[in-house]
Amino acid sequence: MRKKDIKNKIAYVFIGILCFFLVCFIGIFITNMVEERSYYVSDEEDLFWNLRYDNYVSLLEDVKANEARHVKKTGGMEKCYAIAYYYEAASMYKAYMEVGETQKAAKKKQIMEAQIPLMGEYSTLIQDIHKRLNLD
């Protein structure tokens, strides 16, 4: 065999290996893209689980994640959302009061008051939130 034939065969084998890896990487890329689209959505039961265990931070995280994913709210979820917004506003209210930002604190206080009617029967949790944040 001539040297040129050997070089061509080596080149074809090398090109074949590169094509194989290219197909594998494209498959991996497509798989990752599909997995990115499948995400966990917190339903009403998950949100109430956070409330049951007084886990307001996780509740707020779940609410924000649901909002980012445009999850449709049910009646019970709206109450949980109101509690999460109340907790967020109360946390910021406390932080602003501690650093002397009374105007920003007043805005957060308005948000807190706006959430109370939306909480429904869960407005009793306000006392627990204030206790946890050392408000009053």
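All values derive from a computational prediction rather than experimental measurement.

Caption draft 1: Highlighting the overall build of the protein. When helices and strands are counted, the protein shows six helices and zero strands. Ordered by position in the sequence, the α and β elements of the protein form the string α-α-α-α-α-α. In terms of overall dimensions, the protein is more spread out than a globule: its C-alpha atoms have a radius of gyration of 27 Å, far above the 14 Å expected for 136 residues. In the protein, buried positions account for 25% of the 136 residues. Considering only intrachain contacts with a sequence separation of at least 6, the fraction spanning at least 24 residues in the protein is 61%. With an accessible surface of roughly 10,000 Å², the protein has 59% of that area assigned to carbon and sulfur atoms. Across the protein, the mean location of the 19 positive side-chain charges is 14 Å away from that of the 19 negative side-chain charges.

Caption draft 2: Fine view of unusual backbone geometry. Despite not being glycine, His70 has its phi angle at roughly 55°, a positive value. Positionally, His70 belongs in the loop between α3 (56-68) and α4 (75-98). A positive phi angle is found at Asn134, which is not glycine, with a value near 55°. Assignment of secondary structure puts Asn134 in the segment after α6 (125-133).

Caption draft 3: Local environment of the pattern of salt bridges. Within this structure, the stated rule accounts for five salt bridges. In this structure, the salt-bridge partner of Lys64 is Glu88, at a minimum N-O distance of 3.5 Å. Taken together, the residues Lys64 in helix α3 and Glu88 in helix α4 connect sequence positions 24 residues apart. A residue is classified by how much of its surface remains accessible, and Lys64, at 35% relative accessible area, is partly exposed. Lys94 serves as the salt-bridge partner of Glu98, at 3.8 Å between the closest nitrogen and oxygen. Of this pair, Glu98 and Lys94 both sit in helix α4, separated by four residues, roughly a single helical turn. The partly exposed category is assigned to Lys94, whose relative accessible area is 22%.

Rules behind the numbers
- Residues numbered from 1 in each chain as written.
- Predicted model: local features only at pLDDT ≥ 70, side-chain atom pairs only at ≥ 80, totals over all residues.
- Heavy atoms only, no water.
- Helix = DSSP H or I, 4+ residues; strand = E, 2+ residues; numbered from the N terminus.
- Rg over C-alpha atoms; globule rule 2.2 N^0.38 Å.
- Buried < 20%, exposed > 50% of the residue type's maximum accessible area, 1.4 Å probe, protein only.
- Contact = heavy atoms within 4.5 Å.
- Areas by Shrake-Rupley, 256 points an atom, 1.4 Å probe, with all protein chains shown as cover.
- Lys, Arg positive; Asp, Glu negative; His and termini not counted.
- Charge placed at Lys NZ, Arg CZ, Asp CG, Glu CD.
- Salt bridge = Lys/Arg side-chain N within 4 Å of Asp/Glu carboxyl O.

Geometric descriptors of this kind do not, in isolation, establish any biological role.
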